[in-house]
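Structural features, examined
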Amino acid sequence: MLFKNARIYRLTKPFGITAEQLDEALASRAFKPCGQYEMNSLGWVSPLGKGSDQWVRVAGNGDLMICLQEQEKVLPGPVVTEFVDERVEAIEIEQGRKVRRKERIEIKEQVIQEMLPKAFPRNRKTYAYFSPRNGYLIVDAGTAKAAEDFCSVLRLTLGSLPVRPVNVNQSPAFTFTGWINETIDLPDMAVLGADCWMADPSEDGGKVIARGLDLKADEVRNHLDGGMQATKLAITWDDNVSFVLDESLAITRLRFGEAIQEQLNDVDADDAVARFDAEFCLMALELERMIPALLNALGGEDRTAVIEPESLAENALSSSLGELDPLYDEAAAFVAEHREVSISSVQRKFKIGYNRAANLIDAMEAAGVVSAADQTGAREALAPKPAEVTA
């Protein structure tokens, strides 16, 4: 299974679920086709396709492949509008009155419900894999929304999903621009492609797309000298992977080179499972080599939100000794007063790091000040407001 895109998410906590537990969780939210009057349906399917009951496919290196299927009934908008217009016209003629907006919406909903049983279903699958050893979740999604929708369903399925899009310590656009105008050294294993997207960072700035050009040519450099920044680049990495990388660090148009294809030629083409496993393993190993080097070339990964195993051990020891953060009382009072329970709000209020704010929220949960995170990751303040206590 070779991905065409790679949206990289960093696990902010060590991966604490086994393949068996993950399989069981996905099976509990298995895909079911749309009912007669359902517009869409979401659920997990086997990455190996029909005929397999494995919700998780484990690679030899321990990576875990999963797959989400979405089914949506297709109702052509112009057809729905035509039916609605006919009914509206009939009502206005028969009853001699104007159909108002609210009634028109109700008519449209009625038309859709009548048409749904005859609508054609359209299916879409989104694949992703966990790399527990490296702390990544890699999603094969062409858009940020599709990747976030995938993570939302996975979060609902597992109860929590401590991930965030991978980030680096300096602006990727700054680095891209430096690579082109040669003010920043391009890594030896990277070769710039022939496509580049540039944008003026000012509020009303324009955009330019250069395709099929030498990126060191004057046509490109003149735009950069005029204040534009490169926001998206075509890159070939280590002669074996080509892709387009944008400033959000999303990888699209992902293609693997001849070295991988030659290895796949040795796999029995009639054995679909063996082919799947070979593609998965080779792809994962290639990305495992590339991603850390790419992030390092972009200024190094920003890991401020990542709770390292050593930090977890220190926190567990502190808790066992009954130690509390000196800010705990103030933070608990803040949450009780403002009813805003989130790590980010505690970070902003007290100007502290992510790990410390997360530990404070966990301590409040243990003390009954806030609830445990629900399936969406949200919490509630359980302690009464200070004013209520006084009263």
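Residue positions are counted from 1 within each chain, in the order its sequence is given. A pLDDT threshold of at least 70 governs which residues receive local features in this predicted model, and a stricter bar of 80 or more applies before side-chain atom pairs are shown or counted, although totals over entire chains, interfaces and linings include all residues. Side-chain numbers here rest on the full set of heavy atoms in the structure, without hydrogens or water.

1. Here we look at the sheet that holds strand β9 (residues 207-210)
Our working rule: Any two strands are treated as partners once DSSP identifies two or more bridges connecting them. By definition, any uninterrupted DSSP run of H or I lasting at least four residues is a helix, any uninterrupted run of E lasting at least two residues is a strand, and each is numbered from the N terminus. Lines are fitted to the C-alpha atoms to define the axes, a helix being fitted only along its stretch in contact, and any angle between axes, read from their N-to-C directions, falls within 0 to 180 degrees.
Spatially, β9-β8-β10-β11-β12 is the arrangement adopted by the 5 strands of the open sheet, whose pairing is antiparallel. What marks the edges here is a single partner per strand, and that holds for β9 and β12 (251-256). Averaged over all neighbouring strand pairs, the angle between strand axes comes to 15 degrees, with direction disregarded. As defined by bridge partners, strand β11 (residues 241-246) adjoins β12 across 4 bridges and the pair is classed as antiparallel. Note that in β12 the partner of valine 244 across the bridge is threonine 252.

2. Some details on the side chain of serine 41
Here is the rule we go by: Partly exposed residues are those whose accessible area sits between 20% and 50% of the maximum for their type, while under 20% is buried and over 50% is exposed, using a 1.4 Å probe and protein chains only. In protein, a polar contact means a hydrogen-donor-capable atom and an acceptor-capable atom, both N or O and within 3.5 Å, with residues adjacent in sequence counting only if both atoms are side-chain atoms; elsewhere, any N or O pair within 3.5 Å suffices. Note on contacts: a residue pair is in contact if any heavy atoms of the two residues lie within 4.5 Å.
Looking at the element boundaries, serine 41 is found in strand β2 (residues 40-45). Classification of serine 41 by relative accessible area gives buried; the value is 12%. At 2.5 Å, the side chain of serine 41 forms a polar contact with the backbone oxygen of lysine 32. For serine 41, the contacting residues outside a window of four places in its chain are Phe31, Lys32, Pro33, Cys34, Gln69, Glu70 and Gln71.

3. Description of the packing of aromatic side chains
As a reminder of what qualifies: Note on aromatic pairs: the rings of Phe, Tyr and Trp (six-membered ring only in Trp) are paired at centre separations within 6.5 Å, and the planes decide the class, stacked below 30 degrees, edge-to-face beyond 60, tilted for the rest. Definition used: whenever NZ (Lys) or CZ (Arg) falls within 6 Å of the ring centre and also within 35 degrees of the ring normal, the charge is taken to sit over that ring.
Summed over the entire model, instances satisfying the criterion amount to 7 aromatic pairs. Ring geometry for phenylalanine 334 versus phenylalanine 350: centroids 6.0 Å apart, planes at 80 degrees, classification edge-to-face. Of this pair, phenylalanine 334 sits in helix α10 (residues 328-338) while phenylalanine 350 sits in helix α11 (residues 343-350), placing them 16 residues apart in sequence. By the burial criterion, phenylalanine 334 is buried, and phenylalanine 350 matches it. Cluster of aromatic residues (ring-pair linked, three or more members): Phe3, Tyr129, Phe276 and Phe280. Positioned above the aromatic ring of tryptophan 197, the side-chain terminus of lysine 232 is 4.7 Å from the ring centre.

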